[in-house]
Amino acid sequence: MKQSMGLGLVFAVALMGCTTGSGNYSSAGLAPIPGSITYNGQPRAKLTKSPAGSSFPHSFTDQWGREVEEIYIIRPDRSLLIAERHYRPIFSLDDH
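Residues numbered from 1 in each chain as written. Predicted model: local features only at pLDDT ≥ 70, side-chain atom pairs only at ≥ 80, totals over all residues. Heavy atoms only, no water.

S.K.: Which parts of the structure should I look at to understand the overall build of the chain?
M.R.: Looking only at helices and strands, the chain has one helix and three strands in total. Shown N-terminal to C-terminal, the secondary structure of the chain runs as helices and strands in the order α-β-β-β. For the chain, buried positions account for 19% of its 96 residues. A sequence separation of at least 24 residues applies to 48% of the contacts in the chain between residues at least 6 apart. Put simply, the chain shows about 7,400 Å² of open surface, and 60% of that area lies on carbon and sulfur atoms. (Helix = DSSP H or I, 4+ residues; strand = E, 2+ residues; numbered from the N terminus. Buried < 20%, exposed > 50% of the residue type's maximum accessible area, 1.4 Å probe, protein only. Contact = heavy atoms within 4.5 Å. Areas by Shrake-Rupley, 256 points an atom, 1.4 Å probe, with all protein chains shown as cover.)

Written as structure tokens, this is what we have:
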């Protein structure tokens, strides 16, 4: 009995740590780098037609010539959060 209660408690605590896409944007996100949409602060034009919680990509070349893709999420206050950043490889083994 004690073991099943302990297991249930551990499961409940683990479940509370999970988040869904329901608008929990407590993370500060990634710090902007040169080329990021939010590098000089939040954009002046608000994204009013896109729903809060939606995401979109932005690709650019950073100051060292690397190809970068960032994924932004629109917060409920219409500000942008950098949720992901990926650097594309300069050389690919598939290139001929």
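S.K.: Would you mind showing me how to read the pairing of strand S1 (residues 55-61) here?
M.R.: In terms of strand pairing, S1 meets strand S2 (residues 67-74) through seven bridges, oriented antiparallel. Paired with Ser55 across the strands is Ile73, a residue of S2. With antiparallel pairing between neighbouring strands as the criterion, S1 and S2 make up a hairpin whose turn holds five residues, including Gly65 at a positive phi of roughly 85°. (Pairing = 2+ DSSP bridges.)

S.K.: Please explain the packing of aromatic side chains as it appears in this structure.
M.R.: The relative placement of two aromatic rings is captured by the distance of their centres and the angle of their planes. What the rule picks out here adds up to one aromatic pair. Summarising the aromatic geometry, the rings of Phe56 and Tyr72 are spaced 5.5 Å apart at their centres and angled 15° between planes, so their arrangement reads as stacked. Of the two residues, Phe56 is situated in strand S1 and Tyr72 in strand S2; the sequence distance between them amounts to 16 residues. Judged by its relative accessible area of 0%, Tyr72 falls in the buried class. (Phe/Tyr/Trp six-rings, centres within 6.5 Å; stacked < 30°, edge-to-face > 60°.)

S.K.: What is the right way to look at the environment of Gln42 in this model?
M.R.: Mapped onto the fold, Gln42 is located in the loop between helix H1 (2-16) and S1. Excluding residues within four positions of it along the chain, Gln42 makes contact with Ser79 and Leu80. At 2.8 Å, the side chain of Gln42 forms a polar contact with the backbone nitrogen of Leu80. (Polar contact = N/O pair within 3.5 Å; in protein donor to acceptor, adjacent residues only side chain to side chain.)

S.K.: Looking at this structure, how should I read the side chain of Thr38?
M.R.: Inspection of the secondary structure puts Thr38 in the loop between H1 and S1. Judged by relative accessible area, which is 7%, Thr38 ranks as buried. The contacts of Thr38, once residues within four sequence positions are left out, are Pro32, Pro43, Tyr72, Leu80 and Ile82.

S.K.: Looking at this model, I keep getting lost on the pairing of S2. Mind explaining?
M.R.: Consecutive residues of a regular strand have side chains that alternate between opposite faces of the sheet. Counting buried positions along S2 gives six out of eight residues, so the element sits mostly inside the fold. Across seven bridges, S2 lies against strand S3 (residues 80-87) in antiparallel orientation. By the bridge assignment, Tyr72 is partnered in S3 with Ile82. Where S2 folds back onto S3 in an antiparallel hairpin, the turn is made up of five residues, including Arg78, whose phi is positive at roughly 75°.

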